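Listed here are the chains, written in short residue letters.
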Amino acid sequence: MDVKPFEHFAIETAKSAGEVLMSYFGKLTHVDNKSTEIDLVTRADVESEKLITTALKKAFPHHNIIAEETDFETIDSDYCWVIDPLDGTTNFVHTLPIFAVSIGLRYKNETILGVVYNPVYDQCFHATLNGGAFLNNSPLHVSSTNTLSETLLVTGFPYIHDDRYEKCFDLFKELYGRTQGIRRLGASALDFCFVAMGRFDGFWERDLKPWDIPAGIVLVREA
């Protein structure tokens, strides 16, 4: 299978969605809530997703789409695009430039393509199955560190404050004392990318959603 046409499409579409995000960055006048008061959604999320899904429907009308803000009818197809139009919404709302557009493509339940784009820094992470991982076309490689005490890790915490929420902090405390540090950036797609480029040595997070994972996973595996 030639994945390159899909990759080119995903990169160009992610960059176009990034332009939408930047048009709202620092200019929001209204923010809504989803599952909790800290689970946010903005007009930027919605408009970014609309651009991506409209482009997908036009280019690949017989492919499935899983997106964060919209439920789409399932189609009988081996292909499924997985979209997070704005990963790091809370950062975005507070004008913290750690957010991204994430686009993944699965074929028969295997992720074959991942693109993550941070428009603030014009950084495009992209990878294809068995094709390597790249940042703006420069190859990526994971860290060679294999001793926990020499690692810098990154994590995230769930929105719902239940028993698993408490266990996340228990694990955080245990690992914090055994590493060189742990960071919490608030954008899981970029957490994966920073592991792929060796900036972090490892990442864990519970309760990630389907759109949080595919693009980042293929980037880490290929790196």
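Before reading further, recall that the structure is shown in the block above.
These figures come from a predicted structure and were not determined experimentally.

Caption draft 1: Molecular detail of the overall build of the protein chain. Along the protein chain, the regular secondary structure elements total six helices and twelve strands. Here the C-alpha atoms of the protein chain give a radius of gyration of 17 Å, agreeing with the 17 Å that 2.2 N^0.38 yields for 223 residues. Per-residue burial over the protein chain gives 48% buried out of 223 residues. Entry remark: accessible area of the protein chain is about 11500 Å², with carbon and sulfur atoms responsible for 49%. Both charge centroids of the protein chain, one from 20 positive and one from 32 negative side chains, sit 1 Å from each other.

Caption draft 2: Looking closely at helix α5 (residues 188–196). Counting buried residues in α5 gives nine out of nine residues, a clear majority hidden from the surface. Residues of α5 that are buried include every one of S188, A189, L190, D191, F192, C193, F194, V195 and A196, and no others. Just downstream of α5 lies G198, where phi reads positive at about 85°.

Caption draft 3: Here's a closer look at unusual backbone geometry. The phi angle at T95 is positive, at roughly 55°, despite the residue not being glycine. Note that T95 resides in the loop between α3 (89–93) and β5 (100–107).

Caption draft 4: Expanded view of the sheet that holds strand β9 (residues 138–139). What the seven strands build is an open sheet, ordered β3-β4-β5-β6-β7-β8-β9; its pairing is mixed. What marks the edges here is a single partner per strand, and that holds for β3 (64–67) and β9. Relative to β9, strand β8 (residues 132–135) runs antiparallel, the two being bridged by two bridges. Each residue of the ladder has a partner; that of F134, found in β9, is P139. In this fold helix α1 (residues 4–24) packs onto β4 (79–87), β5, β6 (110–118) and β7 (123–128), with an angle of close to 35° to the strand it touches most, β6. Across the face of the sheet, helix α6 (residues 214–222) comes into contact with β4, β5, β6, β7 and β8 while running at roughly 100° to β6.

Caption draft 5: How the structure looks around the pairing of β4. Counted residue by residue, β4 has nine buried out of nine residues, so it is predominantly covered. Sheet topology note: the β3/β4 ladder contains four bridges and is parallel. By the bridge assignment for β4, A67 is matched with I83. Strand direction decides the pairing type here: β4 and β5, joined by seven bridges, are antiparallel.

Caption draft 6: Representation of the sheet that holds strand β11 (residues 182–183) within the structure. Read from one edge of the open sheet, three strands run β11-β10-β12, paired in parallel fashion. Edge positions in the open sheet fall to β11 and β12 (202–204), since each of these has one partner strand only. As paired elements, strand β10 (residues 153–155) and β12 share three bridges and run parallel to each other. Among the inter-strand pairings, L153 is bridged to a residue of β12, identified as G202.

Parameters and conventions
Residues numbered from 1 in each chain as written. Predicted model: local features only at pLDDT ≥ 70, side-chain atom pairs only at ≥ 80, totals over all residues. Heavy atoms only, no water. Helix = DSSP H or I, 4+ residues; strand = E, 2+ residues; numbered from the N terminus. Rg over C-alpha atoms; globule rule 2.2 N^0.38 Å. Buried < 20%, exposed > 50% of the residue type's maximum accessible area, 1.4 Å probe, protein only. Areas by Shrake-Rupley, 256 points an atom, 1.4 Å probe, with all protein chains shown as cover. Lys, Arg positive; Asp, Glu negative; His and termini not counted. Charge placed at Lys NZ, Arg CZ, Asp CG, Glu CD. Pairing = 2+ DSSP bridges. Contact = heavy atoms within 4.5 Å. Axes fitted to C-alpha atoms, helices over the stretch in contact; angles between N-to-C directions.

Limitation: the analysis is restricted to geometry and does not speak to function.
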